[in-house]
Amino acid sequence: MIHLIPSHQGRPADDPIFSLHKEATQRRARGDRVVDATIGVLLDEDGALAILPTAARAVREVPSAEWAAYAPIAGSPEFLRAVVDDLFEGEPEMKRAAVAVATPGGTGAIRHAIANFLEPGQAALTTSWYWAPYRTLCDEADRKLETFEMFDAQGRLDAGALDAGIARQLKVQRRALAVLNDPAHNPTGYSMSDDEWSAVADAIARRAADGPVTLLVDCAYFLYGARDPRAFLRHLRPLVGRATLLFAWSASKSFTHYGLRVGALVACVGDDAERAMVRSALSYSCRGTWSNCNRGGLAAITRLLADPEMARACAAEREQAKASLRARVDAFNARARDRGLRHPRYEGGFFVTVFADRPHEKAEAMRAQGVYVLPQLPASPAGAAGIPGAARGALRIALCSVADRDVTPLVDALAAVLAAPA
Ligand SMILES: Cc1ncc(COP(=O)(O)O)c(C=O)c1O
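This report concerns the structure included in the present document. (Residues numbered from 1 in each chain as written. Predicted model: local features only at pLDDT ≥ 70, side-chain atom pairs only at ≥ 80, totals over all residues. Heavy atoms only, no water.)

### Comments concerning empty space enclosed by the protein
Line of reasoning, step 1. Counting across every chain of the model gives two cavities of 30 Å³ or more.
Line of reasoning, step 2. Its volume calculated, the largest cavity comes out at about 50 Å³.
Line of reasoning, step 3. Around the largest cavity sit T127, M150, L157, L180, N181, D182, H185, Y190 and M192, which together line it.
Line of reasoning, step 4. Grouping the amino acids of the lining of the largest cavity by side-chain chemistry returns five nonpolar, three polar and one charged.
Line of reasoning, step 5. Residue lining of the second largest cavity: I110, I114, A124, Y134, C138, L145 and V179, and that is the complete set.
Line of reasoning, step 6. Those elements that place two or more of their residues in the lining of the second largest cavity are α6 (105-117) and α7 (133-140).
Line of reasoning, step 7. Broken down by class, the residue content of the lining of the second largest cavity amounts to seven nonpolar, no polar and no charged. (1 Å grid on protein atoms, 1.4 Å probe; cavity = no way out; pocket = protein on both sides within 12 Å on 5 of 7 lines; lining within 4 Å. Points joined across faces, edges and corners; volume = space filled by probe spheres on them. Nonpolar A, V, L, I, M, F, W, Y, C, P; charged D, E, K, R; others polar. Helix = DSSP H or I, 4+ residues; strand = E, 2+ residues; numbered from the N terminus.)

Now the structure itself:
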């Protein structure tokens, strides 16, 4: 007799990324020559975690009483203030409308958004290429995930498809929750331009007149885009009071402390009474899931955000880390162009995606050569139809974890496998 509830039977135990990464690590330990482009953490040229020294110092200097004690359920007020000040620097109206709770990473923030802005059985809406845990988070919360075609025929974000998706959700479920991961989208590497953000804001504004529309911006890679990270906020500012704006803020990548599990869900709610309601609901969700976050982690990140000297040192170290990532991105773009690989516009960030038919087969062929990449299938049957000459799948490459010297061999291996006959 199986006691596990039927809907949870047959759930996969292992995340495919972590199992591929484990295998690559084991092979490397046996002395095989391996290029592991699976895992989304920034590694240095020697394959060690690239850790911002000032962030490590802030963690080390947290007193033991801070690590030992419980944090307030919604997170310490200093942390929440520091996150809101950081995110909305130069945006006083958004700051005034903001309410936040601490979450274990951006993952926790996305979880709270799904659970509080959709009823059970309703669906969130995201791009046809998306970070796979979105679906897991929806499953876990008894919600669903729907997608819209991410790219148009010119390879730009298809704001028209987003608009139609929101309209459909409003019609069917009388509310809509759109999730956009920007900048440096995982898995495609795409960062939206100013014009694309403007088109997204127009669509939200138009649809928000017909019912409750919530936009969740998953800004896990906030500080890794090529442009001013806060520039997009000016497009969203006019939406305050018309739509609900949510931001899944994460310290994981910004401060290179993935295991610290520090993040926040920030909501911009124009109406005072509704904002108080949202604050209570989010705090209740914290109590009903993880109870409270890691107090020591919150203290370390608060200091990194609020102490001007620490913040400055961290920013300088991050720029260095970004420059080394940028060198890999430039090497990738140049070689990929020479070898005729098809991929979305890639200006920086942890990942890029190369379009490929039969991605599982291709990833397997690369694995046989000791090159580990992640096969991807788009959510919609049309696939990447918007991309000129696009294929039905893709291979995700985590350049963040590939040494500069391995980028060219990696692209060459990709080109060879993609050119091989079926
Ligand atoms: C697109 C995206 N969103 C959110 C996250 C959340 O990360 P964390 O929970 O560590 O903040 C990640 C991490 O890989 C991600 O790639």
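### Concerning the site of the ligand
Line of reasoning, step 1. The ligand sits among 14 residues. The nearest are G106, T107, D218, Y221 and S250.
Line of reasoning, step 2. With respect to the ligand, the side chain of T107 contributes an N or O atom lying 2.5 Å from an oxygen atom.
Line of reasoning, step 3. Side-chain polar atom of S250 to an oxygen atom of the ligand: 2.5 Å apart, as the coordinates give it.
Line of reasoning, step 4. Relative to its free-state accessible area of 390 Å², the ligand is covered by the protein chains to the extent of 92%.
Line of reasoning, step 5. Of all the secondary structure elements, the ones that give two or more residues to the shell around the ligand are α6 and α11 (251-254).
Line of reasoning, step 6. It is α6 that contributes the most residues to the shell around the ligand, four residues altogether.
Line of reasoning, step 7. Here the shell around the ligand is built from residues that sort into four nonpolar, seven polar and three charged. (Near = heavy atom within 4 Å. Polar contact = N/O pair within 3.5 Å; in protein donor to acceptor, adjacent residues only side chain to side chain. Areas by Shrake-Rupley, 256 points an atom, 1.4 Å probe, with all protein chains shown as cover.)

### Focus: unusual backbone geometry
Line of reasoning, step 1. For the bond from D182 to P183, the omega torsion is -5 degrees, close enough to zero to count as cis.
Line of reasoning, step 2. For the bond running from N186 to P187, omega is 20 degrees, close enough to zero to count as cis.
Line of reasoning, step 3. Relative to the assigned elements, P187 resides in the loop between β5 (176-181) and α9 (194-208).
Line of reasoning, step 4. Residue A184 is not a glycine yet carries a positive backbone phi of 55 degrees.
Line of reasoning, step 5. Note that A184 resides in the loop between β5 and α9.
Line of reasoning, step 6. On the basis of relative accessibility, which here comes to 1%, the residue A184 falls in the buried class. (Buried < 20%, exposed > 50% of the residue type's maximum accessible area, 1.4 Å probe, protein only.)

### Quick notes on the side chain of H235
Line of reasoning, step 1. Structurally, H235 can be placed in helix α10 (residues 233-236).
Line of reasoning, step 2. Classification of H235 by relative accessible area gives buried; the value is 13%.
Line of reasoning, step 3. Look past the residues within four positions of H235 in its chain and what remains in contact with it is D194, W197, S198 and A201. (Contact = heavy atoms within 4.5 Å.)

### Looking at the pairing of strand β2 (residues 98-103)
Here is the key point about a regular strand: its side chains alternate between the two faces of the sheet.
Line of reasoning, step 1. Counting buried positions over the six residues of β2 gives six, a clear majority of the element.
Line of reasoning, step 2. Residues A98, A100 and A102 line one face of β2 and the alternating positions V99, V101 and T103 line the opposite face, and both faces are buried.

### Details of the packing of aromatic side chains
Two aromatic rings, taken as a pair, are described by how far apart their centres are and by the angle between their planes.
Line of reasoning, step 1. What the rule picks out here adds up to 13 aromatic pairs.
Line of reasoning, step 2. Here F79 and W249 contribute two aromatic rings whose centre-to-centre distance is 6.2 Å and whose plane-to-plane angle is 75 degrees, an arrangement assigned as edge-to-face. Placement of F79 in helix α4 (residues 77-87) and of W249 in strand β7 (residues 244-250) is noted, with a sequence separation of 170 residues between them.
Line of reasoning, step 3. A relative accessible area of 0% means that F79 is categorised as buried.
Line of reasoning, step 4. Judged by centre distance (5.8 Å) and plane angle (90 degrees), the ring pair of W131 and Y134 falls under edge-to-face. (Phe/Tyr/Trp six-rings, centres within 6.5 Å; stacked < 30°, edge-to-face > 60°.)

Distances and angles like these do not, on their own, reveal function.
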